[in-house]
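Below, each chain spelled out in residue letters.
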Amino acid sequence: MSILTYISSLLLAFWFGFSAPVPGETIRVIVHESVSINEIDANGLLDIYLLNSQNWGDGSKIYVTDFKGSNELKNRFYELLKMKPAEIQKIWLKKQFSGKAIPPTTVNSEEELIKRVVATKGAIGYVTSTTLPEGVKVIARFN
Amino acid sequence: MIKRFIATFFAFFLSGAALAQENELLIYGYAQTYFAQRTTEYTLYQSPLTGIPFDQYFNVKNRNFTLQQANLFFQKQMNDKFMFFMNLEFTANYSSRLGSGTFGVQEAWISYRQSDLLTVKFGPMLPVFNNLSEIRNRNPLFPYVFRPVMYETMITGLFELDDYLPEQAFLQATGTLQRGEYYFDYAVHLGNSERRYLDRRPPGYEGEEGVPPQNYNLYLGEDMSLSKAVGARIGLRDRRERLKFGISATYDTDNKQTPTVGSIARFETVVLPEMGDVPRYRIGSDFSYKYGDFDFEFEGVMVRHKVPAQFAPISIDKNFLYGHVTYNIDFRTFVWANYSWMNDNSFELLLPGSADKNGLHVPSLGFGYRLNEFATLKFQHVQARLRSPYFDLDLPFTFFGLSVIF
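This write-up is about the structure you can find in this document. The shown structure was predicted, so the numbers you read here are calculated from the model rather than taken from an experiment.

## Section: the overall build of chain B
Logical step 1: Along its length, chain B carries three helices and 16 strands.
Logical step 2: Evaluated residue by residue, chain B yields a buried proportion of 47% over its 406 residues.
Logical step 3: Long-range contacts, defined as pairs at least 24 residues apart, comprise 60% of the intrachain contacts of chain B with a sequence gap of at least 6.

Shown next, in the form of structure tokens:
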């Protein structure tokens, strides 16, 4: 591939908004230690993050946490669920405005998210941090 | 030192607020404001009532800024099972001082969620019917300013929404059954029949119509009839909610005891037969599909009445159709076009071959731009029209709107 072809491909990709997936750190899905399940797959996460599953297996309430605005981790997580951020936001709004679900609590940082999951029975979130405090457990890992 | 104190204070305050959220009272809402240019073009060929030929044309324009609608929600997850939800709605530049617009408690219910299979709600609510019906007044969810004709609250006097849709329920059970990649939804609801019963004379009252006795004031605002409404919906959607399909139905009675309000009764000269409580069935169907960057929506409502034998073959049946497509150019920008149509056969009581029987045709197109996750700019052109042997009515409207979520 000539340099010109390479540059023009890059420019085209930039122009049309394409971006190659960038390998990142492992995404860890964390929950409050009291949550009754120990593992979950991408479909299970999708059901929870689209607010279709609102209770854990033991009947306790699921409290979903997510990040405010846009960040790389959030984008990667949504790609994992094969959803676009705008799609998810629209589904959340629809369920919130019709009273079908409480919208996810949004936080600014991983640190804040971890604090919230530790302190909230039934909470779920996702992080890349490898050092996790007591009070949370990891139920899924995605590379 | 001061900086550290302030940072610690805010960190403590903010984390406290976040942690309390699962049981705190959430307050949120939205507002939609527009600038509109509206034109009314009316050409009269012949008097619908006397048959006298006419050659009249008028064209009236107006431009205005309007707060189309603002809704305020209160929502609280009481515990793992119970949730409270309240929806207050203000429409059309609401002002109690000027007597303009409307304000009402649209919903105020508590729900008990036993599991994904069963949630029971009690209190006034929008019943589950077609897809649009359930979110009919959630403006930020729509790409348009002026909703498909049946749902647009800015239109008053042409028809009564009660005649087409169930407006309110008081008890509803819903649930979802998941099978592989699909969800099967159901809903069953119970409520009063249409709101026209709220002002009805109490049974046995034989006084002057419209002048209630003193003790009737005790019941103002309550449904004094024995007639009640039942309805149900079954639906299917895929896991990512890109495909949705449903069939809905209701049964109640149409209050034709005192046909003096709304719909055809806007014509002072028309004399409507008093048919009593007319059994009514509404059947609706909706289909939504997201394909790539395209969103498609279709919806239909058929309203059928069991008119008493002595009034046959009079028909007061009604219909509504709607089709919509949006193309999402990118995350922020979208263009769309839609078409909605509604008709009311009871206008045959006014004159044979009436325009209203042919229906109100409303093609529309527009585009929008999401400024951020809270605000969306919307542009729309509407070309509503009525056609009849007697007159043509064209209503070209242009809207620039801003929808804000807070």
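## Description of the overall build of chain A
Logical step 1: Each helix and strand counted, chain A has five helices and five strands in total.
Logical step 2: For chain A, the proportion of contacts with a sequence separation of at least 24, taken over those separated by at least 6, is 72%.
Logical step 3: For chain A, the exposed area adds up to about 7,300 Å²; of that, 58% sits on carbon and sulfur atoms.

## Some thoughts on the pattern of salt bridges
Oppositely charged side chains may form a pair once their charged atoms are brought near each other.
Residue and element names in this part refer to chain B.
Logical step 1: Across all of its chains, the model carries 20 salt bridges over all chains by this definition.
Logical step 2: Lys290 is paired through a salt bridge with Asp295; the nearest N and O atoms lie 3.0 Å apart.
Logical step 3: Since its relative accessible area comes to 21%, Lys290 is described here as partly exposed.
Logical step 4: Classification of Asp295 by relative accessible area gives buried; the value is 17%.

## Digging into unusual backbone geometry
Outside of glycine, negative phi angles account for most residues, and trans bonds account for most peptide bonds.
Residue and element names in this part refer to chain B.
Logical step 1: A positive phi angle, close to 50°, is found at Ala92, a residue other than glycine.
Logical step 2: By the secondary structure assignment, Ala92 is in strand β3 (residues 82-95).
Logical step 3: A positive phi angle, near 50°, is found at Asn93, a position not held by glycine.
Logical step 4: Examined against the element boundaries, Asn93 turns out to sit in strand β3.

## Brief notes about the interface of chain A and chain B
Logical step 1: Taken together, the 38 residues of chain A in the interface contact 39 residues of chain B.
Logical step 2: In this assembly, chain A packs against chain B so that about 3,500 Å² is buried in total across both faces, 50% of it on carbon and sulfur atoms.
Logical step 3: Our count for the contact surface shared by chain A and chain B stands at five salt bridges.
Logical step 4: A salt bridge links Glu87(A) to Arg242(B); the shortest N-O distance between them is 2.7 Å.
Logical step 5: At the level of secondary structure, the elements contributing two or more residues to the side of chain A that touches chain B comprise α2 (42-49), α4 (85-97) and α5 (110-119) of chain A.

## Notes on α2(A)
All names here are of chain A.
Logical step 1: Burial within α2 is extensive, with six of its eight residues counted as buried.
Logical step 2: Taken together, the buried positions of α2 are occupied by Gly44, Leu45, Leu46, Asp47, Ile48 and Tyr49.
Logical step 3: Following α2 by one or two positions, Leu51 has its phi on the positive side, about 65°.

## Things to note about the environment of Ile62(A)
Residue and element names in this part refer to chain A.
Logical step 1: With respect to the helices and strands, the residue Ile62 is situated in the loop between α2 and β2 (63-67).
Logical step 2: Ile62 gets classed as buried once you look at its relative accessible area, which sits at 7%.
Logical step 3: A C-alpha to C-alpha distance of 16 Å links Ile62 and Ala140, two positions 78 residues apart in sequence.
Logical step 4: Excluding its chain neighbours within four sequence positions, the residues that come into contact with Ile62 are Ile48, Ser53, Gln54, Asn55, Trp56, Gly122 and Ile124.

## Describing the sheet that holds strand β4 (residues 123-127) of chain A
Residues and elements named next belong to chain A.
Logical step 1: Taken together, the five strands give an open sheet; going across it, the order is β3-β2-β4-β1-β5, and neighbouring strands pair in mixed fashion. One side of each edge strand has no neighbouring strand; the edge strands of this open sheet are β3 (105-107) and β5 (136-142). In this sheet, adjacent strand axes meet at a mean angle of 25° when their direction is disregarded.
Logical step 2: Inspection of the sheet shows strand β1 (residues 27-32) paired to β4 by four bridges, in the antiparallel sense.

## Focus: the side chain of His189(B)
Logical step 1: Along the chain, His189(B) turns up in strand β7 (residues 182-192).
Logical step 2: Aside from chain neighbours lying at most four places away, what touches His189(B) is Pro127(B), Val128(B), Pro166(B), Ala169(B), Leu171(B), Gln172(B), Ala229(B), Val230(B), Gly231(B), Ala232(B) and Thr250(B).

The rules we used
- Residues numbered from 1 in each chain as written.
- Chains lettered and ligands numbered in written order.
- Predicted model: local features only at pLDDT ≥ 70, side-chain atom pairs only at ≥ 80, totals over all residues.
- Heavy atoms only, no water.
- Helix = DSSP H or I, 4+ residues; strand = E, 2+ residues; numbered from the N terminus.
- Buried < 20%, exposed > 50% of the residue type's maximum accessible area, 1.4 Å probe, protein only.
- Contact = heavy atoms within 4.5 Å.
- Areas by Shrake-Rupley, 256 points an atom, 1.4 Å probe, with all protein chains shown as cover.
- Salt bridge = Lys/Arg side-chain N within 4 Å of Asp/Glu carboxyl O.
- Buried area = accessible area lost by both parts, 1.4 Å probe.
- Pairing = 2+ DSSP bridges.
- Axes fitted to C-alpha atoms, helices over the stretch in contact; angles between N-to-C directions.

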